[in-house]
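What follows is the residue order along each chain.
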Amino acid sequence: MDGRKLTDMTLAAIVLAVAALSVWLDRHRDRTAGLAGSSDVPDRDRVRVRDDLRYLT
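S.K.: A description of the overall build of the chain should follow, citing residues and the corresponding values.
M.R.: Helix and strand counts for the chain come out as two helices and zero strands. Burial statistics for the chain: of 57 residues in total, 2% are counted as buried.

Shown next, in the form of structure tokens:
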């Protein structure tokens, strides 16, 4: 059983790390979004996806 618990904790740590990286990358993208194009036009698809994800959580 001890070996299985270690595997479960390792898997949980990996999932947590991937989730944290995803959140960090999304926030980083928000800060740099205006550098590569027009900053006065909102990204409607991004807003829609964000709203869909908020509905799911």
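S.K.: Please provide a residue-by-residue account of a nonpolar patch on the surface, values included.
M.R.: Together, Val49, Leu53, Tyr55 and Leu56 line one region of the surface with nonpolar side chains, adding up to about 490 Å² of accessible area. Among the structural elements, Tyr55 can be located in helix H2 (residues 44-56).

S.K.: So what's going on with the pattern of salt bridges? Residues and values would help.
M.R.: For the structure shown, the criterion picks out three salt bridges. Between Arg48 and Asp52 there is a salt bridge, with its nearest N and O atoms 3.2 Å apart. Residue Arg48 and its partner Asp52 are both found in helix H2; the two are separated by four residues, about one turn of the helix. When the shortest N-O distance is used, the salt bridge between Asp51 and Arg54 registers 3.9 Å. Taken as a pair, Asp51 and Arg54 lie in helix H2 at a separation of three residues, close to a single helical turn. Among the residues examined, Asp51 registers a relative accessible area of 41% and is labelled partly exposed. With relative accessibility at 55%, the residue Arg54 sits in the exposed group. Sharing partners across several salt bridges, the network here consists of Asp45, Arg48 and Asp52.

About the criteria used
- Residues numbered from 1 in each chain as written.
- Predicted model: local features only at pLDDT ≥ 70, side-chain atom pairs only at ≥ 80, totals over all residues.
- Heavy atoms only, no water.
- Helix = DSSP H or I, 4+ residues; strand = E, 2+ residues; numbered from the N terminus.
- Buried < 20%, exposed > 50% of the residue type's maximum accessible area, 1.4 Å probe, protein only.
- Patch = residues over 30% accessible without salt bridge, like charges linked within 9 Å, V, L, I, M, F, W, Y side chains within 5 Å.
- Areas by Shrake-Rupley, 256 points an atom, 1.4 Å probe, with all protein chains shown as cover.
- Salt bridge = Lys/Arg side-chain N within 4 Å of Asp/Glu carboxyl O.

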